[in-house]
Amino acid sequence: MLEKSDIAENAVECLHNEQYDSPYNQQNLNHEGMIFMGGRHPESLGGKWRFTLDLHDTGLRQKWFQIEPFDHETCTNPYDYDPHSGEEITVPSCWQMEREKWFYFEGSAWYTRDLDYQPEQDNENVFLRIGAANYDCKIFLNHQFIGNHYGGSTPFFADFTGKLRTGRNLLMICVNNARTEDRIPMRNNDWFNYGGIHREIELVRTPKDYIKDLFIYLVPNGQFNTVRADITTIGEVSEVELTIEELGIRTRLPVIDGNASTELTVSPKLWSPEAPILYDIEVQIPGGDKVTDRVGFREIRVDGTTILLNGQPVYLRGINCHEDDEKLGRLTNEFDIRRRFAHAKELNCNYMRLAHYPHHEMAAQIADEMGIMLWEEIPVYWSIAFHNPQTRRDGKNQMLELIKRGRNRASVIIWSVGNENADTDERLDFMTDLVKATRSADPTRLVTAACLVNHAKMKIEDRLADYLDVIGLNEYYGWYEEDFNDLIVLGENSAPTKPVVISETGAEGMLGSNAPKKGAFSETYMADVYRKQTEFLPNLDYIKGFTPWILYDFRAERRQNPYQNGYNCKGLIGADKQTRKSAFYVLRDFYAKLAQQSLSDN
């Protein structure tokens, strides 16, 4: 039996030790290992992988990753798993979408494949990059544990330098999507808990000396005349060259202790939804590593209760969106992303909230190009273990990974640190720490959170609001709350001194032959809620943005009434991403009027 083999050491250790995960939960694959990817040419490891579910974490208990190839017919010991054979799965994917029998599975699953490696240059660095895997992802190479990553939506890197053999290698990955008390989100949330490697998996090569990070932005000084670049290098690098040809910039910068910085007096054409202007950026180690990016320059700030884009007041005409597809799950692609932005444009939106976790990095790149402002966030959602230092570490790491991945994107104007958390001392300490870390990593964007209302006092009463640039307000008048007049009372009682953005509102409207014709859950009722919301909104001068919930119906297993059947149906468009509901046109026409008014005012 494998339980008695040298691999597992002994049966007691293998079967009864509930600390089996501890040696493999180092969370050493984190934001500190991220590498700037612009202009690089990674090698895809996507395709068919060998795959098995592991309901009891037998793989870690028995140390499956140490199993050498063996002959099934001559093997004399019973075995539970062979990493060198088994079912196949497509990577990337969500395992729920690959087999019906895997649909509700939450736990560990093992991915295995052979990896052929040939060096392309002397002393090259080699990294494995995974765009996202939900949630705990453990990497094993040639029977050795490399590290693990926490978080289901942000990219991470594993350093394979010096660990790969020329020729055939064995790569094994264990992904666990169980909802536990230390994770973010925790156990109770309102979207489907997909599992697996659901974004690109790639091999990245760099020279021995390489560019690790590039952050370039318009300095927020109100003058729109200074561009700053911060560059990080690894290795023996004495200088780097920064080029922005369209702005006449070609300059060499000294590198001191791996860092180079400069502020350049220049007046770029400013990025906006109406004119999404991008510049080609290039940074190169002379004669060596080179990275590129396409970057827009803009300034976003607040003045009292007004949001200013490039010094001009802007009203955020938005819509929420989940990264969810009825056939692909959380797997997405360029077509899907462009479709959601096209639908937002059809609604006359100038911004979107990407809820409730980091979406694919391609979304912000396309938003840059199409002129859509973005609110991006991490899933500090509802109740999490605010008292737990490990949860705090996880939350801060997810925030920094999101920021480092996307802080060159002009479209991203808001970072959000959380959604609908009860105002406790532990939560306030946790969240203010996140706000500080966010501002330290990126001084160019607004920070927000979707805050709660004290319905007894009819007041925005959240101590975190004092630390935010913009107050997010989730309100469902007409759906979960009845009296629309309370919205006006709420504003009068709160008298906010900062901009407030309605970050969620809406109602469910069902499609199909079984849908009710009137009353709650009918399309008619949903449209009426939108009409009332948009009638009241102009009376609320403290509101500077509107973000109804949500663009598409999406899978949410906690919603099981006879109409929902596992879906949240607040989408303005059905789960097919084609069928527009009546409320879609109500919001479209309202935003058209707001857009016209904005043109008249400016």
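Being a predicted model, the structure only gives us computed values, none of them experimental. (Residues numbered from 1 in each chain as written. Predicted model: local features only at pLDDT ≥ 70, side-chain atom pairs only at ≥ 80, totals over all residues. Heavy atoms only, no water.)

K.L.:
I would appreciate a short explanation of the overall build of the protein chain in the present structure.
P.N.:
Looking only at helices and strands, the protein chain features 10 helices and 35 strands. Relative to the globule expectation of 25 Å for 602 residues, the C-alpha radius of gyration of the protein chain, 25 Å, shows essentially globular dimensions. Taken over the C-alpha atoms alone, the protein chain extends approximately 80 × 65 × 45 Å along its principal axes. Here the protein chain holds 602 residues, and 60% of them are scored as buried. Once local pairs closer than 6 in sequence are excluded, the contacts in the protein chain between residues at least 24 apart make up 73%. Of the roughly 24200 Å² of accessible surface on the protein chain, a fraction of 46% belongs to carbon and sulfur atoms. (Helix = DSSP H or I, 4+ residues; strand = E, 2+ residues; numbered from the N terminus. Rg over C-alpha atoms; globule rule 2.2 N^0.38 Å. Buried < 20%, exposed > 50% of the residue type's maximum accessible area, 1.4 Å probe, protein only. Contact = heavy atoms within 4.5 Å. Areas by Shrake-Rupley, 256 points an atom, 1.4 Å probe, with all protein chains shown as cover.)

K.L.:
Please clarify how the sheet that holds strand β5 (residues 125-130) should be interpreted in this entry.
P.N.:
Strand pairing in a sheet relies on backbone hydrogen bonds, with the paired strands running either antiparallel or parallel. Strand order in this open sheet of 4 strands is β1-β12-β5-β9, and the pairing throughout is antiparallel. The sheet is open, and its two edges are formed by β1 (43-44) and β9 (156-159), each paired on a single side. Sheet topology note: the β5/strand β12 (residues 201-206) ladder contains 6 bridges and is antiparallel. Within β12, the residue paired with valine 126 across the bridge is arginine 205. (Pairing = 2+ DSSP bridges.)

K.L.:
Help me understand empty space enclosed by the protein in this model?
P.N.:
Empty space among the atoms can be located by rolling a probe the size of a water molecule over them. The full count for this structure, using the stated rule, is 3 cavities of 30 Å³ or more. As a volume, the largest cavity reaches approximately 210 Å³. As for the largest cavity, its lining consists of 21 residues, of which Asn134, Tyr135, Pro185, Trp191 and Asn193 are closest to the centre. The residue makeup of the lining of the largest cavity, split by class, is 11 nonpolar, 7 polar and 3 charged. Of the voids in this model, the second largest cavity is the one considered here, and its volume is about 80 Å³. In this structure, the second largest cavity is lined by 13 residues; those nearest its centre are Tyr217, Leu218, Gly296, Arg298 and Arg445. The greatest single-element share of the lining of the second largest cavity, amounting to 3 residues, is contributed by strand β13 (residues 210-218). (1 Å grid on protein atoms, 1.4 Å probe; cavity = no way out; pocket = protein on both sides within 12 Å on 5 of 7 lines; lining within 4 Å. Points joined across faces, edges and corners; volume = space filled by probe spheres on them. Nonpolar A, V, L, I, M, F, W, Y, C, P; charged D, E, K, R; others polar.)

K.L.:
Please clarify how the pattern of salt bridges should be interpreted in this entry.
P.N.:
Side chains that differ in charge, positive against negative, can pair when their charged atoms come close. Scanning all chains against the criterion turns up 60 salt bridges. One salt bridge connects arginine 228 with glutamate 263, and the closest N-O pair in it is separated by 3.2 Å. Of the two residues, arginine 228 sits in strand β14 (residues 226-234) while glutamate 263 sits in strand β17 (residues 259-265), which places them 35 residues apart along the sequence. Salt-bridge contacts for glutamate 504 lead to arginine 353; the nearest nitrogen and oxygen are separated by 3.1 Å. Here arginine 353 lies in strand β25 (residues 351-354) and glutamate 504 lies in strand β32 (residues 500-504), a separation of 151 residues in the sequence. Overall, arginine 353 belongs to the buried group, its relative accessible area being 0%. Residues joined by salt bridges that share partners form a network here, namely Asp190, Glu508, Arg558, Arg559 and Lys570. (Salt bridge = Lys/Arg side-chain N within 4 Å of Asp/Glu carboxyl O.)

K.L.:
I'm lost on the packing of aromatic side chains in this one. Help?
P.N.:
Aromatic ring pairs are reported here in terms of the distance separating the ring centres and the angle at which the planes meet. A complete count under the given rule lists 35 aromatic pairs for this structure. Each ring, one from phenylalanine 51 and one from tryptophan 95, has its centre 6.2 Å from the other, and the planes form 45°; the classification is tilted. One end of the pair, phenylalanine 51, is in strand β2 (residues 47-54); the other, tryptophan 95, is in helix α3 (residues 95-98), with 44 residues separating them in the sequence. There is no split in this pair, since phenylalanine 51 and tryptophan 95 are both buried. When the ring of phenylalanine 584 is compared with that of tyrosine 585, the centres are 5.3 Å apart and the planes differ by 70°; the resulting orientation is edge-to-face. Accessibility expressed as a relative area gives 0% for phenylalanine 584, which makes it buried. An aromatic cluster of at least three residues, connected via ring pairs, comprises Tyr24, Trp64, Phe65, Trp110, Phe140 and Phe145. Above the face of the tyrosine 552 ring, lysine 577 is positioned so that its terminal group lies 5.3 Å from the ring centre. The ring of phenylalanine 584 is capped by arginine 580, whose NZ or CZ atom sits 5.5 Å from the centre of that ring. (Phe/Tyr/Trp six-rings, centres within 6.5 Å; stacked < 30°, edge-to-face > 60°. Lys NZ or Arg CZ within 6 Å of the ring centre and 35° of its normal.)

K.L.:
Teacher, can you tell me more about the sheet that holds β2 here?
P.N.:
Pairing is antiparallel in the open sheet, where 6 strands are placed in the order β3-β2-β4-β10-β7-β8. Either end of the sheet is taken by a strand with one partner, and the two such strands are β3 (87-91) and β8 (144-149). With direction set aside, neighbouring strand axes in the sheet form an average angle of 30°. Pairing analysis gives 10 bridges linking strand β4 (residues 108-117) to strand β10 (residues 167-176), with the strands arranged antiparallel. When the sheet's bridge partners are listed, arginine 113 is paired in β10 with leucine 171. (Axes fitted to C-alpha atoms, helices over the stretch in contact; angles between N-to-C directions.)

Interpretation in functional terms is not warranted from these geometric data alone.
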